[in-house]
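# Structure at a glance
Given next are the chains, with one letter for each unit.
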Amino acid sequence: MHRVLCRQYHSTKGVFGFKPKPVKEFRLNQRIIDARVQKSNAYRWVESYRNHAHRVAAINPVPFIQSTDDCSHLLDYSRYGLSSADRIDPLGVVNSSDPPSALTVEQLEQLLQHIYCGTASIELAYIENEQEREWLAENYEQLFHTNLNVSEKKEIAELLLKSQAFDNFLATKFPSVKRYGGEGAESIMAFYRQLFICTAEANLSNIVVGMPHRGKLNVLTILFQTRPAKIFRKYKGLSEFPPDVKAMCDITNHFNTSTNLNINGKTIHLNLLNNPSHLEAVNPVSMGKTRAKQLSLQDGPYHNDPSVPSKVLNIQLHGDAAFVGQGVNQECLMMAEVPHFDVGGTIHMIVNNQVGFTTPGDRGRSTRYASDLAKSIMAPVFHVNGDDPEALTKVTKLAFDYQQKFGKDVFIDLNCYRRWGHNELDDPTFTSPLLYNVIHNRSSVPDLYAKKLIESEEITQNDVDTTVKAHHDYLNSELQNLNDYQPEKSYFEHQWTGIQQAGNEVTVWNTGIDYSLLNLIARTSVNCPPDFALHPHLRKHHVEARLKKVAEGNRIDWSTAEAMAMGSLMYQGYNVRISGEDIGRGTFSHRHAMFVDQNTNEIYIPLNDLNGGAGGKLELANSILSEEAVLGFEYGMAIDNPNNLIIWEAQFGDFFNGAQIIIDTFVLNSETKWMVCNGLVMLLPHGFDGAASDHSSCRMERFLQMTDSKEATPDGDDVNFEVINPSTPAQYFHALRRQMVRNFRKPLVVVAPKTLLRLSECVSTHADLAPGTFFQTVIGDGAVSDPKKVKRVILCSGKHYYNLNNERLASKNGEVAIVRLESLCPFPVQRIQEELAKYSNVREVVWSQEEHRNMGAWSFVQPRFENMCGKRITYRGRYEGATVAVGVSSWHAKEAEQVIKAAFQ
């Protein structure tokens, strides 16, 4: 029973993409336990500092209201039975020095005040794991026994001064630009500097960063090797891409970079991702990108030894108000340790401005700290005063060491300020006069730090002036020579070599496969080890049924076609990943791509034991009940490598709206904004089956509205994404394979079926999948015996065809032809014209749909059909509706009948 209940994701052996980490038993040294028993009063006192001192630490660089949170009584040693005359051996109590020596209570109090009440502090009381808690306390206390050397301090000072010089330069040269500078948070530079050093020392290979606007241009141009000329060119109103690129471009604060950094002789590849203005939305994308890097490197969760730390590091920067307010952050944290979404721990930094737009921190949340969400996953939190870049440097190293040792998330709450308003053109004194009175009457972070080093004689004023002048001269040179700068190509390189932008014509790709291979794949998809206790229902109705259908070769159903498509791609060397809620089984219990042993709870994925081929793998990522974070994660995986087929399946089609931000700002327009392509597939189950408003519609009308399809001229492959409504298993098979075999990548929205999964008429034959076959954008009517008798052509899409065809058969109507639009975007005008040309005596063309008139594809189809086919088309379907479907079953049945009858009247 224990083995079933323990958290092993139904797998003690592991499956592709998940290897259980070995459980290491931890026992505290008995000598330390004994010491704590003997000095229990002193230990309880020290623990009070570890648990409560963060509340009185000097972590706010701009205090303007005296704190009412007085916990000093909790830190009073007399509360714990100690007196000033006591001497305390620190062994087992606190890490005081090396070697430790006895301290008076007052000496120990000074030490604890220095460690826990200074410009940095830690929260760890809520962490359940004893080993983590002991490790954190020990290593955090050791931080304060060493100081940075002069060389390190100089490097930090130079970075801070350069950041300030950059903001000052932009303020002078581009005074009307919203640059979202780093002023007040310049210590971010020290954070990145230390992280880069740590990654080099640990021999990591990749860093993936997701961060918002604030300070982004500073780190891009100073640390991330982006030329300032690229920023200046954009401010001059010019494109960031070469002239031959088809792109609409974006603002500078959404820029990305992909570059190799040389850190102390080590090469590390850095990816800073494009971010939209929707704050925090980039976070799951950065996690997915990190996971995809691990897949390419066979690293982290894909490594044979799960105890080996990943060579890929995920870093996320957050704003204080946004981290608290945006629900995607909770979703991301809930994914952090879930199999198939785990990236080995993320290092988070909250750039805590203490104000969100105009909202003060205490009005923007109901918790003490902006970082309190971290407690939900028991991630340690370090609070740091942004005026102390040295403390931040030390804490950053400790955060890195924790992430590497435990493979878990860790947070740094950088308490800083925003010198100007939400942007540089905004006046924050309208709403926060007291705070900004403090801010405007204090020195900047770089100036304070430089002054400190000058006073300690570690640098001189001449050093400061030289650093600032050199960076100003560099920036000025970049601006003066702007005409010599030509935007560099930063796409379709490395793993994307061979991929290109799509052309303005619709191309056809041979996606058929020899049936002998498909037969092998289908048989493998339902094979399991002889000692595997398969569910008896599955053995009869899934395994035996599939084997029979495959042997016959003429009644291939939807799930079998899907298995054949995925298996054939794997055979060719592509990896396939399906993600979403319940995807292993499938919402409608049709897929069963994984089996669960009824005796042991072990998972088995048959297709991963496919013999022969190039070794592609199938990853089944049963997700948390989330749409935004999960789809963002899958998009992040899709943009990393074009050789991975990434599929996200909504439990029901209408659930996509929970991920609307990801769809609107990333998936459907990343190519035109950023020249970042993706071939992400979204499966959205759709169909009016009496389920009322929810779960009936995937809102295809919304997706069609978001395409850049043209109303008056034919579409090409270069639409921003594709929308299909396939009506046969073969069509679905070809659509999945086409995503990989063609030389460009486009997102694909599949209006996926529900009833067709088991509809007896909805089957395909082996001939439909044979070499030379392909996805058909339009399927003509093969049942018409005499085209000259046809007076009416009904155009429809998807599963609605079967209802129409049944009505035609029942009425024996030989004057009607039914033509299926399998592709909605690109709109297949040429193929429609070819089908209409077969019927010379047609009097009427109608569009029939089960959706309401203001929904479905009608408003998309009508103008394109009439403008380009030169014929009038009339509507047959439901009336205009405020909601998707009625909630009374008898009304639904009556409406469904009327819709079908109307198409023939």
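Small disclaimer: the values here were computed from a predicted structure and weren't measured. (Residues numbered from 1 in each chain as written. Predicted model: local features only at pLDDT ≥ 70, side-chain atom pairs only at ≥ 80, totals over all residues. Heavy atoms only, no water.)

### What about the overall build of the protein chain?
Within the protein chain one finds 28 helices and 26 strands. For a compact globule of 905 residues, the expected C-alpha radius of gyration is about 29 Å, and the protein chain comes in at 31 Å, within 12% of that figure. Each principal axis of the C-alpha atoms in the protein chain carries an extent, and together these give about 105 × 70 × 55 Å. Counting every position in the protein chain, which comprises 905 residues, the buried fraction comes to 60%. Looking at the protein chain alone, contacts between residues at least 24 apart form 80% of all its contacts between residues at least 6 apart. Averaging the positions of the 92 positive and the 103 negative side-chain charges in the protein chain gives two centres separated by 6 Å. (Helix = DSSP H or I, 4+ residues; strand = E, 2+ residues; numbered from the N terminus. Rg over C-alpha atoms; globule rule 2.2 N^0.38 Å. Buried < 20%, exposed > 50% of the residue type's maximum accessible area, 1.4 Å probe, protein only. Contact = heavy atoms within 4.5 Å. Lys, Arg positive; Asp, Glu negative; His and termini not counted. Charge placed at Lys NZ, Arg CZ, Asp CG, Glu CD.)

### Regarding the state of the cysteines
In this structure the tally under the stated criterion is zero disulfides. Free cysteine: Cys 825, not disulfide-bonded; nearest cysteine sulfur from Cys 698 at 14 Å. Residue Cys 825 is classed as buried on the basis of its relative accessible area, which comes to 0%. No disulfide involves Cys 869; its nearest neighbouring cysteine sulfur is the one of Cys 796, lying 15 Å away. Accessibility expressed as a relative area gives 14% for Cys 869, which makes it buried. (Disulfide = S-S within 2.5 Å.)

### Comments concerning the side chain of Lys 39
Positionally, Lys 39 belongs in the loop between α2 (30-38) and α3 (40-52). Among residues more than four places away in sequence, those in contact with Lys 39 are Asp 89, Leu 91 and Val 93.

### Considerations on the packing of aromatic side chains
If you walk through the whole model with that rule in mind, you get 31 aromatic pairs. Centroid distance Trp 558 to Tyr 732: 5.3 Å. Interplanar angle 20°. Geometry classified as stacked. Highlighted residues: Trp 558 in helix α19 (residues 558-571) and Tyr 732 in helix α24 (residues 729-741), separated in sequence by 174 residues. Site record: aromatic cluster; members linked through ring pairs are Tyr 116, Tyr 140, Phe 144 and Phe 382. A cation sits over an aromatic face here: Arg 820 above Tyr 801, 3.7 Å from the ring centre. (Phe/Tyr/Trp six-rings, centres within 6.5 Å; stacked < 30°, edge-to-face > 60°. Lys NZ or Arg CZ within 6 Å of the ring centre and 35° of its normal.)

### Side note on the sheet that holds strand β18 (residues 681-685)
With respect to topology, seven strands assemble into an open sheet ordered β16-β13-β17-β18-β20-β19-β24, the strand pairing being mixed. Across the chains shown, the open sheet's two edge strands, defined by having one partner strand only, are β16 (618-622) and β24 (823-825). Averaged over all adjacent pairs, the angle separating strand axes in this sheet is 20°, with direction ignored. For strand β13 (residues 575-580) and strand β17 (residues 644-649), the ladder comprises five bridges, and the chain directions are parallel. Across the sheet, the residue bridging to Arg 577 is Ile 646, located in β17. (Pairing = 2+ DSSP bridges. Axes fitted to C-alpha atoms, helices over the stretch in contact; angles between N-to-C directions.)

### Examining the confidence of the model for the protein chain
A residue-level look at the protein chain finds 98% of positions with pLDDT of 70 or above and a mean pLDDT of 95. Every residue in residues 1-5 is under pLDDT 50, and counting partners more than four places away or in other chains gives four contacts. (pLDDT = per-residue confidence, 0-100.)

### Some remarks on α24
For α24, spanning 13 residues, the distance from its first C-alpha to its last is 19 Å, which sits close to the expected 18 Å at 1.5 Å a residue. Of all the 13 residues making up α24, twelve are buried; the element is thus mostly covered by neighbouring parts of the structure. Taken as a whole, α24 has its buried residues at Pro 729, Ala 730, Gln 731, Tyr 732, Phe 733, His 734, Ala 735, Leu 736, Arg 737, Arg 738, Gln 739 and Met 740. (Expected span 1.5 Å × (residues − 1).)

### Here we look at the nonpolar core
Membership of the largest hydrophobic core comes to 117 residues, with the highest contact counts inside it found for Trp 45, Tyr 140, Phe 191, Tyr 192 and Phe 382. The element contributing the most residues to this core is helix α7 (residues 188-201), with nine residues. Sequence-distant contacts of Tyr 140, defined by excluding residues within four places in its chain, comprise Ile 115, Tyr 116, Ala 120, Ser 121, Ile 122, Phe 382 and Leu 398. (Core = buried A, V, L, I, M, F, W, Y, C linked by side-chain atoms within 4.5 Å.)

### Quick word on the environment of Trp 558
A relative accessible area of 4% places Trp 558 in the buried class. Along the backbone, Trp 558 and Val 343 are 215 residues apart, and their C-alpha atoms lie at a distance of 33 Å. With sequence-adjacent residues up to four places away left out, Trp 558 is seen in contact with Pro 726, Ser 727, Thr 728, Pro 729, Tyr 732, Pro 753, Leu 756, Leu 757 and Cys 762.

### A word on the layout of surface pockets
Of the pockets and cavities examined, the largest pocket occupies roughly 1600 Å³. The wall of the largest pocket is formed by 47 residues, among which Lys 21, Pro 22, Glu 337, Phe 406 and Lys 408 lie closest to the centre. Secondary-structure elements contributing two or more residues to the lining of the largest pocket are α5 (130-143), α10 (282-297), α12 (328-335) and α13 (389-406). If one sorts the elements of the lining of the largest pocket by residue count, α13 sits on top with four residues. Taken together, the residues that form the lining of the largest pocket break down as 22 nonpolar, 13 polar and twelve charged. Of the volumes computed, that of the second largest pocket is approximately 1100 Å³. Elements that contribute at least two residues to the lining of the second largest pocket include exactly β12 (410-415) and α14 (433-440). Here the lining of the second largest pocket takes three residues from α14, the largest share from any one element. Taken together, the residues of the lining of the second largest pocket break down into 14 nonpolar, 13 polar and six charged. (1 Å grid on protein atoms, 1.4 Å probe; cavity = no way out; pocket = protein on both sides within 12 Å on 5 of 7 lines; lining within 4 Å. Points joined across faces, edges and corners; volume = space filled by probe spheres on them. Nonpolar A, V, L, I, M, F, W, Y, C, P; charged D, E, K, R; others polar.)

### A few points about the pattern of salt bridges
Summed over all chains, the structure comprises 43 salt bridges. Residues joined in a network through salt bridges with shared partners are Asp 167, Arg 179, Glu 183 and Glu 424. (Salt bridge = Lys/Arg side-chain N within 4 Å of Asp/Glu carboxyl O.)

### Quick notes on α10
Here α10 contains 16 residues, and its C-alpha end-to-end distance of 23 Å stays within 8% of the 22 Å for a straight helix at 1.5 Å per residue. Within α10, 14 of the 16 residues are buried, which leaves it mostly tucked inside the rest of the structure. One or two steps after α10, the chain reaches Gln 298, where phi turns positive at roughly 50°.

### Topic: the sheet that holds strand β22 (residues 792-796)
Taken together, five strands build an open sheet; the order of strands is β21-β23-β22-β25-β26 and the sheet is mixed. Edge positions in the open sheet fall to β21 (778-779) and β26 (873-878), since each of these has one partner strand only.

### What about the side chain of Thr 728?
For Thr 728, the location among the structural elements is in the loop between β19 (722-724) and α24. Among the polar contacts listed, one links the side chain of Thr 728 to the backbone nitrogen of Gln 731, at a separation of 3.1 Å. Sequence-distant contacts of Thr 728, defined by excluding residues within four places in its chain, comprise Trp 558, Cys 762, Ser 764, Ile 779, Tyr 802, Arg 820 and Glu 822. (Polar contact = N/O pair within 3.5 Å; in protein donor to acceptor, adjacent residues only side chain to side chain.)

### Some details on empty space enclosed by the protein
Any space left empty among the atoms is revealed by the rolling of a water-sized probe across them. Taken as a whole, this structure holds eleven cavities of 30 Å³ or more when the rule is applied. As for the largest cavity, its lining consists of 18 residues, of which Met 700, Asn 725, Ser 797, Gly 798 and Glu 851 are closest to the centre. Secondary-structure elements contributing two or more residues to the lining of the largest cavity are β20 (748-752) and β25 (844-852). Split by residue class, the lining of the largest cavity holds eight nonpolar, seven polar and three charged. Here the second largest cavity defines a volume of roughly 90 Å³. If you trace the second largest cavity, you find 13 residues lining it, with His 590, Arg 591, Glu 649, Ala 752 and Pro 753 closest to the centre. For the lining of the second largest cavity, the secondary-structure elements that each account for two or more residues are α19 and β18.

### As for the environment of Asn 527
Positionally, Asn 527 belongs in the loop between α17 (515-524) and α18 (536-552). Those residues within four positions of Asn 527 in sequence are excluded, and the remaining contacts are Phe 595, Tyr 604 and Pro 606.

### Remarks on the packing of α7 against α13
Relative to each other, α7 and α13 sit at 35°, their axes nearing to 9 Å. When you trace α7 past α13, the crossing you get is right-handed. Residue-level contacts link Ala 190, Phe 191, Arg 193, Gln 194, Leu 195, Cys 198 and Thr 199 of α7 to Pro 389, Leu 392, Thr 393, Thr 396, Lys 397 and Phe 400 of α13. A class-by-class count of the residues in the contact of α7 with α13 yields seven nonpolar, four polar and two charged. (Left-handed = near helix turned anticlockwise from the far one by under 90°.)

### Observations concerning the environment of Glu 132
Looking at where Glu 132 falls in the secondary structure, it is placed in helix α5. Among the residues examined, Glu 132 registers a relative accessible area of 3% and is labelled buried. Leave out the neighbours within four places in its chain, and Glu 132 touches Ile 127, Tyr 402, Phe 406 and Lys 408. Polar contacts involving the side chain of Glu 132 include one to the side chain of Tyr 402, which spans 2.5 Å.

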